[in-house]
Amino acid sequence: MEDRLEQYRRDGVIRVEGLLGQEQLAEIRTALERYTRETLPGLPQQDFVMEKDGLSVRNLWRMEHYDPFFKILSQREDILELIAPLVNGRPVCKGVETFNKPAKAGSGVPPHQDNAYFCSAPPDVLTLWIAIDPVTETNGPVCYLKGSHTNGTQPHKKSGVAGNSMGLASSLPKAEYEEFCGTLNPGDALLHHCETIHWSAPNKTENSRCGLLMVYRGEHTENDPVLKEAYES
Ligand SMILES: O=C(O)CCC(=O)C(=O)O
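## Here's the deal with the pairing of strand β7 (residues 125-131)
Next up, step 1: The buried fraction of β7 amounts to seven of the seven residues, a majority that puts the element mostly inside the structure.
Next up, step 2: Note: β7 against strand β14 (residues 211-218), seven bridges, orientation antiparallel. Among the inter-strand pairings, leucine 126 is bridged to a residue of β14, identified as tyrosine 216.
Next up, step 3: Pairing of β7 with strand β12 (residues 189-193) involves five bridges; the strand directions are antiparallel. Bridging from a neighbouring strand, isoleucine 130 pairs with alanine 189 of β12.

## Description of the nonpolar core
Next up, step 1: The biggest cluster of nonpolar side chains holds 47 residues, and the ones touching the most others in it are Leu126, Leu128, Ile130, Ala189, Leu191 and Tyr216.
Next up, step 2: At six residues, the largest contribution of residues to this core is made by β7.
Next up, step 3: Once residues lying within four places of it in the same chain are set aside, the contact partners of isoleucine 130 are Leu19, Leu20, Ala189, Gly211 and Leu212.

## As for the sheet that holds strand β8 (residues 142-146)
Note: strands within a sheet are paired through backbone hydrogen bonds, in either parallel or antiparallel orientation.
Next up, step 1: Within the open sheet, the four strands sit side by side as β5-β13-β8-β11. Their pairing is antiparallel. Every interior strand has two partners, whereas the edge strands, β5 (109-112) and β11 (178-181), have only one. This sheet shows a mean twist of 20° between the axes of neighbouring strands, independent of strand direction.
Next up, step 2: In this sheet, β11 lies alongside β8 in antiparallel orientation, the contact comprising four bridges. Residue tyrosine 144 lies in a different strand from β11, and its bridge partner there is phenylalanine 180.

## A word on helix α2 (residues 22-39)
Next up, step 1: Here α2 contains 18 residues, and its C-alpha end-to-end distance of 25 Å stays within 8% of the 26 Å for a straight helix at 1.5 Å per residue.
Next up, step 2: By the burial criterion, the buried members of α2 are Ile28, Leu32 and Tyr35. End-on view of α2: buried residues confined to an arc of 60°, all on one side of the axis. Relative to its buried face, α2 has exposed residues pointing more than 90 degrees away, namely Gln22, Glu23, Ala26, Thr30, Glu33, Arg37 and Glu38.
Next up, step 3: In this structure, the buried residues of α2 make contact with β3 (57-60), α3 (63-66) and β14.

Calculation criteria
Residues numbered from 1 in each chain as written. Predicted model: local features only at pLDDT ≥ 70, side-chain atom pairs only at ≥ 80, totals over all residues. Buried ≥ 20, exposed ≤ 12 C-beta atoms within 10 Å, placed from the backbone. Helix = DSSP H or I, 4+ residues; strand = E, 2+ residues; numbered from the N terminus. Pairing = 2+ DSSP bridges. Core = buried A, V, L, I, M, F, W, Y, C linked by C-beta atoms within 7 Å. Contact = placed C-beta atoms within 7 Å. Axes fitted to C-alpha atoms, helices over the stretch in contact; angles between N-to-C directions. Expected span 1.5 Å × (residues − 1). Arc of directions from axis to C-beta.

Have a look at this one:
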């Protein structure tokens with residue numbers, strides 16, 4: 001555990017292999033199918049985003065609010081134990097969501113730091129990104145600049161991308177940091193700090209790349225008014 005913590009503090013992102021077993025994955029897939037079939041049609045517009053084709057789902061937001069399955073999943077004891085040292089306190093789930101990245105239609109995500117959206121001080125917030133499908137080099141893995149979380153929340157600007165309204169205002173500082181792309185087997189996960197710069201490419205392959213995300217903040221975190229104003233302006 002100490003290694004994991006050290007690595008997280010140094011890189012701002014870690015890969016956790018085999019977080020979920022086959023049985024748990026099967027349950028989640030069933031719950032996602034049910035949610036898409038039964039819950040999605042009744043959701044308010046702000047709680048989902050469709051891809052440009054109008055047919056496939058890009059994102060589902062605030063799933064814990066609509067389906068107890070996802071609320072219970074976010075409160076799993078082993079997951080909270082994994083997260084607590086990384087957020088320096090008791091983890092509070094901020095949201096359960098998906099980035100579906102469907103085959104052929106999955107759109108890209110512009111480079112950003114999550115704290116441009118979360119506006120948290122201190123930035124003790126992270127995302128647990130769980131692979132539901134295989135994540136390969138070609139179907140749009142999430143890519144990170146390791147160590148980029150050590151330099152604070154950088155200015156962002158409107159991106160024009162539905163579901164990811166903000167992107168880094170300046171170009172990607174690729175020369176300064178090592179790039180890491182999170183290829184994963186189903187059931188593996190990534191944990192990324194809310195100030196780690198990351199992005200993902202469109203999915204042009206025949207294979208869907210669904211990620212189930214659970215965002216946690218340390219109980220002690222508060223809203224940063226300066227970041228909040230930048231986000232809302
Ligand atoms: O799943 C993706 O492609 C992007 C995920 C992301 O941007 C995030 O976790 O903030």
